[in-house]
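# Structure at a glance
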Amino acid sequence: MHCRPLRRRGFTFIELMVTLAIMAVLVTVSVPLVQVAVQRQKERDLRAALSEIREALDAYKRASDQGRIEVRLGESGYPKSLDQLVDGVDDRRSPSRQKIYFLRRLPGDPMVVGQADKPAQSWGLRSYASPPDEPLEGEDVFDVYSKSERQGLNGVPYRKW
């Protein structure tokens, strides 16, 4: 009888190390791609939130220009706070003083971490009397901007979007 040597099945140590090295290279390459994808999604959310709030501010101003919202002499016709867009204001043309609502909810700034429960405080506010290059808060809300100090993928700081 001839005895055949038993061949062990499995991987050698070197084969396992090569496999782990290949996997480490793949993970190293994919992590920055995932980080860029996450930042790109946050930037999309920021653009959408800015657009939504700015459209609501413009709708508020149109309503005040049409005489549907009470505006006192010397006021700009913009809301005094972002919360007025959600809480609504009395419609002067409505016999029963129904409210006009401009937003269902106020989106928070996706670039500011830790302010999700207070979306109105996550935004920087610019008043109508404020210059565009140095936005300052005032008696009304003419525009909003991100308080983030970071730059976008396009090289423009989020504050200037």
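The structure under discussion appears in the preceding block.
Basis of the calculations
- Residues numbered from 1 in each chain as written.
- Predicted model: local features only at pLDDT ≥ 70, side-chain atom pairs only at ≥ 80, totals over all residues.
- Heavy atoms only, no water.
- Helix = DSSP H or I, 4+ residues; strand = E, 2+ residues; numbered from the N terminus.
- Buried < 20%, exposed > 50% of the residue type's maximum accessible area, 1.4 Å probe, protein only.
- Core = buried A, V, L, I, M, F, W, Y, C linked by side-chain atoms within 4.5 Å.
- Contact = heavy atoms within 4.5 Å.
- Salt bridge = Lys/Arg side-chain N within 4 Å of Asp/Glu carboxyl O.

### Some points on unusual backbone geometry
Here the phi dihedral of Arg97 falls at roughly 55°; this positive angle occurs in a residue that is not glycine. Note on placement: Arg97 falls in the loop between strand E1 (89-90) and strand E2 (99-100). For Arg97, a relative accessible area of 44% translates into the label partly exposed.

### Topic: the nonpolar core
Leu82, Leu85, Phe102, Trp123 and Val144 are the most contacted members of the largest nonpolar core, which has 23 residues in total. Sorting the residues of this core by element identifies helix H1 (13-65) and strand E3 (123-126) as the ones contributing at least two each. The element contributing the most residues to this core is H1, with 8 residues. Residues in contact with Leu85, not counting those within four places in the same chain, are Ala56, Leu57, Tyr60, Pro79, Tyr101, Phe102 and Leu103.

### Some points on the pattern of salt bridges
For the structure shown, the criterion picks out 5 salt bridges. Linking Arg54 and Asp143 is a salt bridge whose minimum nitrogen-to-oxygen distance equals 2.7 Å. Note that Arg54 is positioned in helix H1 and Asp143 in strand E4 (residues 143-146), a separation of 89 residues in sequence. Accessibility expressed as a relative area gives 24% for Arg54, which makes it partly exposed.

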